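Okay, here's what each chain looks like letter by letter:
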Amino acid sequence: MSLTRVQKAAQVAGRTMADRHTPFIHNEWYVVALSHEISRELMSRTVLGRQLVLFRKEDGSPVALDNRCGHRNFPLSRSALEGDTVVCGYHGLRYNERGECVEVPSQCNCAGISIRNYPLHQQGPVIWIWMGEPEEADIDKIPAMPMLDEGWVTSEDYMHLKASYVYLHENLLDLTHLSFLHAKTFGTPDYARAKFDTEITEDRFWLKRYVVPTRLPPVWAKPTGLEGRDAARITTSDFVSPALHIVHAEFYDIALDESERPDQRIKTAHIPTPETATSTHYFVVHGRNFALEENEVTGFMHEQLMAAFDEDVVGLEAMEELLASRSEEDDFFEISLTADAASVAMRRYLKRRAEAEAAERTSPQAAGGAKTALASA
Ligand code: FES
Ligand SMILES: [Fe+2]
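These remarks concern the structure in this document. (Residues numbered from 1 in each chain as written. Chains lettered and ligands numbered in written order. Predicted model: local features only at pLDDT ≥ 70, side-chain atom pairs only at ≥ 80, totals over all residues. Heavy atoms only, no water.)

Examining the coordination of the iron ion (ligand 2)
For the iron ion (ligand 2), every protein donor is listed as His177 (NE2), His182 (NE2), Asp312 (OD) and Asp312 (OD), and the spread of their distances is 2.1 to 2.6 Å. In this structure, the iron ion (ligand 2) is coordinated by four donor atoms arranged in irregular fashion, with angles at the metal of 55 to 151 degrees. Linear spacing of the donor residues for the iron ion (ligand 2) on their chain is H-x4-H-x129-D. Residue His182 is located in the loop between helix H2 (165-172) and strand S13 (195-200), and its partner Asp312 is located in helix H4 (residues 295-325); the two are separated by 130 residues in the primary sequence. Of the two residues, His182 and Asp312, both sit in the buried class. (Donors = N, O, S within 2.8 Å, 3.2 Å for Na, K, Ca; no water. Tetrahedral: all angles 85-135°; square planar, octahedral: opposite > 155°, others 65-115°. Helix = DSSP H or I, 4+ residues; strand = E, 2+ residues; numbered from the N terminus. Buried < 20%, exposed > 50% of the residue type's maximum accessible area, 1.4 Å probe, protein only.)

Below is the structure:
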């Protein structure tokens, strides 16, 4: 099929952007689970295409190991947790929390038998995992989630998304969709045309949208007391890392002077962790700095927000389904609009990171060149 000039240009530009075919980025902290999900029950979860087994030790600290017994691949999540050890359900090899085999029932020597252990770190309601080179794990590099240390009220949740994490990040940097995909929840008709600013650095991408004046949707109007009033709704989308995106929003009555406005802000951490190339663990931690004592506000906002985020899940899954059903790749293109500048830059960054890492895995020498390219891009 012949493409138009604009379609061809979009096709060429698209080759520089991450998509569902782009390899995973391993050298990052990702959220593996909400803290309450990991218990004394063995639990299986796939992250970056690797199946893990998760559990808590008797002292409460979380553990992640490969979910594959080193002997003959039996899933350890279908085995037994005894004290702080996992006993394989097939031939009884016993592993400690570091993944070292400490007992083989059929022989006396188990020296040197081990499976991989992954560094974890609990940060309030979430547990981070390092899937990269173990010696590079550094908990100081775990991205901050400001709503957790400012005394705000928070709630958290999890959704399984059958689509690539790349498109979830893009969705979060693209707020023009609020007027359409979220027309029934927190979108308003004026959102898509509102003024916006974009800020792009080497590895961080922001989009700020000013919807002023506007009428707030119920999720924000009710708890802020701004129902039926002309308000300002200023939202900043902040791509923090391949594993974290934070949306900040503030609301105020535009009839009030700046000095009279109550400080009413929300911050929502959207946390995409790739499960496979075409599926994502989508964690959410939502926080607010007002109505701190009102539990019913927490329940109301959480329910309303999750209903809106579910619209993103449904939309992204419909796009993934469509992409998966295509047989021809040669006429594929995605035309980017002016409003997509930040998300295009972000997708290019993800692709550069992924390719630099892949080069490092296959050839440490090539990696030097790829790293230089990344730094100078
Ligand atoms: S497969 Fe686990 S002990 Fe044999
Ligand atoms: Fe959305």
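Looking at the packing of aromatic side chains
According to the stated counting rule, one finds nine aromatic pairs in the structure shown. When the centroid spacing of 6.1 Å and the interplanar angle of 65 degrees are considered together, the rings of Phe186 and Phe309 count as edge-to-face. Of this pair, Phe186 sits in the loop between H2 and S13 while Phe309 sits in helix H4, and the two are 123 residues apart along the sequence. Summarising the burial analysis for this pair, Phe186 and Phe309 share the class buried. Measuring from ring centre to ring centre gives 6.1 Å for Phe239 and Tyr349, while their planes differ by 85 degrees; the resulting arrangement is edge-to-face. With a gap of 110 residues between them, Phe239 in strand S15 (residues 231-241) and Tyr349 in helix H5 (residues 341-362) connect regions that are remote in the sequence. The structure contains a cluster of three or more aromatic residues connected by ring pairs, namely Phe186, Tyr282 and Phe309. The ring of Tyr252 has Arg261 sitting right over it, with the charged end atom 3.7 Å from the ring centre. (Phe/Tyr/Trp six-rings, centres within 6.5 Å; stacked < 30°, edge-to-face > 60°. Lys NZ or Arg CZ within 6 Å of the ring centre and 35° of its normal.)

Section: the pattern of salt bridges
One side chain can pair with another of opposite charge once the charged atoms of both are near each other. With the rule as written, the count across this model stands at 22 salt bridges. In this structure, Arg94 engages Glu103 in a salt bridge whose closest nitrogen and oxygen atoms are separated by 2.7 Å. With a relative accessible area of 33%, Glu103 lands in the partly exposed category. Here the salt bridges share partners, and the residues they tie into one network are Lys57, Glu97, Arg98 and Glu100. (Salt bridge = Lys/Arg side-chain N within 4 Å of Asp/Glu carboxyl O.)

Quick look at unusual backbone geometry
Pro213 follows Val212 through a cis peptide bond whose omega is -10 degrees. Summarising the element assignment, Pro213 is placed in strand S14 (residues 205-214). For Ala291, which is not glycine, the phi torsion reads 45 degrees and is therefore positive. Tracing the sequence through the fold places Ala291 in the loop between strand S18 (279-288) and H4. A residue is classified by how much of its surface remains accessible, and Ala291, at 18% relative accessible area, is buried.

Some words on the nonpolar core
Residues Val32, Trp128, Ile129, Met145, Trp220, Ile271 and Leu350 are the most contacted members of the largest nonpolar core, which totals 82 residues. Mapped onto the domain boundaries, this core takes at least three residues apiece from domain 1 (30-131) and domain 2 (151-352). Setting aside its immediate chain neighbours within four residues, Met145 contacts Gln123, Val126, Trp128, Leu244, Ile246, Ala269, Ile271 and Val285. Formed by 16 residues, the second largest nonpolar core is a distinct cluster that contains Val86, Leu93, Cys110 and Ile115. (Core = buried A, V, L, I, M, F, W, Y, C linked by side-chain atoms within 4.5 Å. Domains from an automatic or database assignment. Contact = heavy atoms within 4.5 Å.)

Remarks on the environment of His36
With respect to the helices and strands, the residue His36 is situated in the loop between strand S1 (29-34) and strand S2 (43-47). For His36, a relative accessible area of 59% gives the class exposed.

Focus: helix H1 (residues 5-14)
Looking at H1, one finds that the buried residues are Gln7, Ala10 and Gln11. Seen from one end, H1 has its buried residues packed into an arc of 100 degrees, which puts them on one side. (Arc of directions from axis to C-beta.)

Points about the sheet that holds strand S3 (residues 50-56)
Spatially, S2-S3-S4-S9 is the arrangement adopted by the four strands of the open sheet, whose pairing is antiparallel. At either end of the open sheet lies a strand with only one pairing partner, and these are S2 and strand S9 (117-118). Bridge count between S2 and S3: five bridges; the pairing is antiparallel. Bridged to Ser44 within S3 is Val53. (Pairing = 2+ DSSP bridges.)

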